[in-house]
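Residue-level structure breakdown
Listed below are the residues making up each chain.
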Amino acid sequence: MRCPLCGNVEDKVIETRTLAEGGAVRRRRECSGCGYRFTSYEKVEDKPFMVIKHDGRREPFDRDKIERGLDRAIRKRPIPMLAIERIANEVVDETYRAGSLARELSSAAIGEIVLEKLSKLDRVAYIRYASVCRRFENLDEFVEEIRKLETVGSEPPTKLARG
Ligand SMILES: [Zn+2]
């Protein structure tokens, strides 16, 4: 696998996990050139996991979309990239688990999984993501969402980045 940081193609696998009842394998890899750690996925190709969109259409589940959404939410926030990668991994795992029977899940349900993760990471990122994903109808809803966060509290990002 090509290292996303330096382009080296030599790496060693440091962890392998089987996901979704054997439907996918995730590997943690370490670049032999620069030591950067990244994640790769292997999936069975003929049966894609589908996402049901707001308008009812379906499209194949795409991890990159999860990461792009997270990227936008954490922009200019003091959050390490490792924490984002970990959250993306957890969201993918939980999405496959939640939709394992039908091999599909609604984009709204996936959004809620992401929000649950962000609520423990960073309030600003959470609110940014929620405002896109839940399309708040009015200011009251928005204020209510912030109030809920006050009671949940938030963990420092460094905790999530470890390991
Ligand atoms: Zn590298």
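If you're wondering where the values come from, they're calculated on a predicted model, not measured in any experiment. (Residues numbered from 1 in each chain as written. Predicted model: local features only at pLDDT ≥ 70, side-chain atom pairs only at ≥ 80, totals over all residues.)

**Things to note about the overall build of the protein chain**
Scanning the protein chain from terminus to terminus reveals 6 helices and 6 strands. Counting only residues that meet the buried cut, the protein chain has 21% of its 163 residues in that class. Contacts in the protein chain between residues far apart in sequence, at least 24 positions, make up 52% of those at least 6 positions apart. (Helix = DSSP H or I, 4+ residues; strand = E, 2+ residues; numbered from the N terminus. Buried ≥ 20, exposed ≤ 12 C-beta atoms within 10 Å, placed from the backbone. Contact = placed C-beta atoms within 7 Å.)

**Some details on unusual backbone geometry**
Here K76, not a glycine, exhibits a phi torsion of approximately 65 degrees, which is positive. With phi around 55 degrees, R103 is a residue other than glycine that occupies positive phi space. Locating R103 in the fold gives a position in the loop between α2 (81-98) and β6 (104-106). On the basis of neighbour count, R103 is assigned to the partly exposed category, with 14 C-beta atoms found within 10 Å.

**Quick look at the confidence of the model for the protein chain**
Scored by pLDDT, the protein chain comes out at a mean of 85, with 88% of its residues at no less than 70. Within the model, the stretch residues 157-163 combines pLDDT values under 50 with 13 contacts to residues more than four positions away or in other chains. (pLDDT = per-residue confidence, 0-100.)

**A short note on the environment of D64**
Along the polypeptide, D64 turns up in helix α1 (residues 63-74). Under the C-beta neighbour-count criterion, D64 is labelled exposed, with 8 such atoms within 10 Å. Measuring from C-alpha to C-alpha, the distance between D64 and A88 comes to 9.0 Å, with 24 residues separating the pair along the chain.

**Focus on the pairing of strand β3 (residues 37-43)**
Pairing of strand β2 (residues 24-31) with β3 involves 7 bridges; the strand directions are antiparallel. Its bridge partner being in β3, R27 is matched across the sheet by S40. Between the antiparallel neighbours β2 and β3 lie 5 residues, among them G35 with a positive phi of about 85 degrees. (Pairing = 2+ DSSP bridges.)

**A closer look at the sheet that holds strand β1 (residues 11-19)**
In spatial order, the strands read β1-β2-β3; together these 3 strands make up an open sheet with antiparallel pairing. A strand with exactly one partner marks an edge of an open sheet, and here the two such strands are β1 and β3. Going from strand to strand, the sheet's axes swing by 25 degrees on average, the running direction of each strand aside. Direction of pairing for β1 relative to β2: antiparallel, over a ladder of 8 bridges. When the bridges of β2 are listed, T16 appears paired with R27. (Axes fitted to C-alpha atoms, helices over the stretch in contact; angles between N-to-C directions.)

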